[in-house]
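# A structural walkthrough
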Amino acid sequence: MSGFLGSRPIRQMPACVALVLALTSLPIASLAAERTGIALPRPLTDTDFLHDGRPPEALVDLGRDLFFDPILSGNRNISCGTCHDPSFGTSDGLALGIGEGGDGAGPQRRTAEPVTGRVPRNAPALWNVGARAQRAMFHDGRLEAFEGERLHFRIPSGAPLPEGLDSLLAAQAFFPVTSSIEMAGQRGENEVADALVTAGFTAAWDVIARRVASVEGYAEKFPKSFQEIGTPDQIAYRHIAEALAAFQTSAFRSDTSPFDKALRGGDPGHLSQEAQAGAAIFYGKARCASCHSGPLLTDQDFHAIAVPQIGPGKGHGGADGYWKATGLMAFLEDEGRYRVTGDAADLFAFRTPSLRNVAVTGPWGHSGAFDSLERMVRHHLDAISSLASYRPEETTLPPLDAVMDQLGEDTPTGYSALDHETQAAFENRDGWVQASPSLRGRIAAASTLEPVSLTDAEVGQILSFLETLTDPAAIKRAAQIPDEVPSGLPPQPTPKPAN
């Protein structure tokens, strides 16, 4: 209502009637905020998502097959779904996962062949990754979308993307397949990895597209989703990326949690008293919503909050202590957003994650440093003290049974398995940064997170509120994994048996 009943102003009515109508004319969320002190964001709607929340069924079906098909990986042994497993909250249940060369799913994943290391950052969950509000991908935001006359991107390593991509999510699908540690494999192992080394990104994407197009089942499916495709040779990696984006938009949409019910009603009153108290703290004195804002519970920005580093990170920085101590050529820092922008204010800053289904998406932090949600929450209360007292052994990393290290450029594969003694030195990298006062001090000095004083009871209340962000449908997504895929390869991860 706008303050009028027909053409008669409210102020001319009896005072009691005017008051009732005035109150009901306010947004419901405003009334709830007046009563509870909690200002909730607006609810998510179809228009918040790519394809207005309804991607074409044939495109989603195609994307589903591709998402779980190892055919996209260089050695045909890992899929997108291996590290983004619906059974583990669309992550992999590991602090730092094992990508190419691994075997098994989730926390049971182990090395099947020698690997160059673990994936350097925690696999992010994919809930609502198809939301139009998404403006950056990866923990450091190195892939970004900018609106203008057409959508354009800041792109990792300057890799050229084809014209006509209509979403950030489709653009993101171009890059995991070109990562040697994630999906591509090493030089000398397969044609994708070789194309990357000898001819670059575009050549590797073309190799994958030709591989997919050679499969009869895919050759039949692509024309059903893309009018411009008449023959298999017209299938390009762009089409693969758009199908993957459509599937993820549909499969990993999550907006039916108790929190969403509160958003749609504009009132958290139906939540438990404990959760309501937690929401009041979250949106109030704990200042959580200063970063975890809006219906996606992220400001889409980057912040340095002194999360401990485990593992080698992305190999940034210039400290050569590990190199000198072990003889293994590596730098062991992860400077985060700074390596994208070059702005010192972005040192050790990482993208604010969405908190959707946060209770089922651990371990937490860009490095997977915290294996319980409570520990992650408590880190925010005093990040510097938490960093100082953190011990890497508190988080379980999957063992690396066989490791290989880089050799000279003139060798056939460029890598060779480490002997037992050298591998022991290699594994020192897991806690190297945290054990170094100077390296740990750099992370602490960059932190912008102000301490917050909360009682144990208040921490418990925040955790109760965070539990309301779990969509009941989100924990039943294992059925998304198909029993078979067109390539004939075993889907990854292995489909779960029906109950």
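Everything quoted here is computed from the prediction, not taken from an experiment.

## Description of the overall build of the protein chain
- Per the secondary structure count, the protein chain includes 20 helices and 11 strands.
- Across the 499 residues in the protein chain, those meeting the buried criterion constitute 52%.
- In the protein chain, of all internal contacts separated by at least 6 residues, the share reaching a separation of at least 24 is 66%.
- When the accessible area of the protein chain is evaluated, it comes to approximately 21900 Å², of which 53% is carbon and sulfur surface.

## Brief notes about empty space enclosed by the protein
- Applying the stated rule across the entire model yields 2 cavities of 30 Å³ or more.
- The space that makes up the largest cavity amounts to roughly 50 Å³.
- If you go around the largest cavity, the residues you meet are H316, G317, G318, A319, G321, Y322, A330, F331, L332, E333, W432 and L439.
- Tallied by class, the residues present in the lining of the largest cavity amount to 7 nonpolar, 4 polar and 1 charged.
- The volume enclosed by the second largest cavity comes to roughly 30 Å³.

## Focus on the confidence of the model for the protein chain
- Across the protein chain, the average pLDDT comes to 89, with 89% of residues at or above 70.
- Across residues 1-31, where pLDDT falls below 50, the model places 18 contacts with residues more than four positions away in sequence or in other chains.

## Focus: the packing of aromatic side chains
- In this structure the tally under the stated criterion is 20 aromatic pairs.
- Their ring planes at 70 degrees and their centres at 6.4 Å tell us that F175 and F201 sit as a pair that is edge-to-face. Placement of F175 in the loop between α5 (168-172) and α6 (180-184) and of F201 in helix α8 (residues 201-213) is noted, with a sequence separation of 26 residues between them.
- A ring pair is formed by F201 and W205, whose centres lie 5.7 Å apart and whose planes are at 40 degrees; its orientation type is tilted. With F201 and W205 both in helix α8 and 4 residues apart, this pair spans about one turn of that helix.
- Owing to a relative accessible area of 24%, F201 belongs among the partly exposed residues under this scheme.

## Some words on the sheet that holds strand β6 (residues 143-146)
- With antiparallel pairing, 3 strands are arranged side by side in an open sheet as β5-β6-β7. Edge positions in the open sheet fall to β5 (136-137) and β7 (152-154), since each of these has one partner strand only.
- The sheet contact formed by β5 and β6 spans 2 bridges and is antiparallel. Residue M137 lies in a different strand from β6, and its bridge partner there is L143.

## Quick notes on the nonpolar core
- Residues L66, L72, F222, Y237 and I240 are the most contacted members of the largest nonpolar core, which totals 63 residues.
- Among the elements that take part in this core, helix α10 (residues 237-251) stands out by supplying 9 residues, more than any other.
- Look past the residues within four positions of L66 in its chain and what remains in contact with it is L72, V212, Y218, F222, I240, A243 and L244.
- Grouped together as the second largest cluster of nonpolar side chains are 36 residues, A289, I310, M376 and V459 included.

## Some thoughts on the side chain of D346
- Note on placement: D346 falls in the loop between α14 (338-341) and β9 (350-351).
- No salt bridge forms around the buried D346; measuring N to O, its nearest opposite-charge neighbour R337 is 4.6 Å away.
- Setting aside its immediate chain neighbours within four residues, D346 contacts E335, R337, Y338 and T341.

## So, the pairing of β6
- Hairpin connection, β5 to β6: the antiparallel pair is bridged by 5 residues, and F138 has positive phi, about 75 degrees.
- Across 3 bridges, β6 lies against β7 in antiparallel orientation. The residue bridging E144 from the neighbouring strand is R154, located in β7.

## Details of the pattern of salt bridges
- Under the counting rule described, the total for this entry stands at 27 salt bridges.
- Residue D255 pairs with R264 through a salt bridge whose shortest N-O separation is 3.2 Å.
- In this structure, D320 and K324 form a salt bridge, with 3.5 Å as the shortest nitrogen-oxygen distance.
- D320 gets classed as partly exposed once you look at its relative accessible area, which sits at 32%.

Reading the values: the criteria
Residues numbered from 1 in each chain as written. Predicted model: local features only at pLDDT ≥ 70, side-chain atom pairs only at ≥ 80, totals over all residues. Heavy atoms only, no water. Helix = DSSP H or I, 4+ residues; strand = E, 2+ residues; numbered from the N terminus. Buried < 20%, exposed > 50% of the residue type's maximum accessible area, 1.4 Å probe, protein only. Contact = heavy atoms within 4.5 Å. Areas by Shrake-Rupley, 256 points an atom, 1.4 Å probe, with all protein chains shown as cover. 1 Å grid on protein atoms, 1.4 Å probe; cavity = no way out; pocket = protein on both sides within 12 Å on 5 of 7 lines; lining within 4 Å. Points joined across faces, edges and corners; volume = space filled by probe spheres on them. Nonpolar A, V, L, I, M, F, W, Y, C, P; charged D, E, K, R; others polar. pLDDT = per-residue confidence, 0-100. Phe/Tyr/Trp six-rings, centres within 6.5 Å; stacked < 30°, edge-to-face > 60°. Pairing = 2+ DSSP bridges. Core = buried A, V, L, I, M, F, W, Y, C linked by side-chain atoms within 4.5 Å. Lys, Arg positive; Asp, Glu negative; His and termini not counted. Salt bridge = Lys/Arg side-chain N within 4 Å of Asp/Glu carboxyl O.

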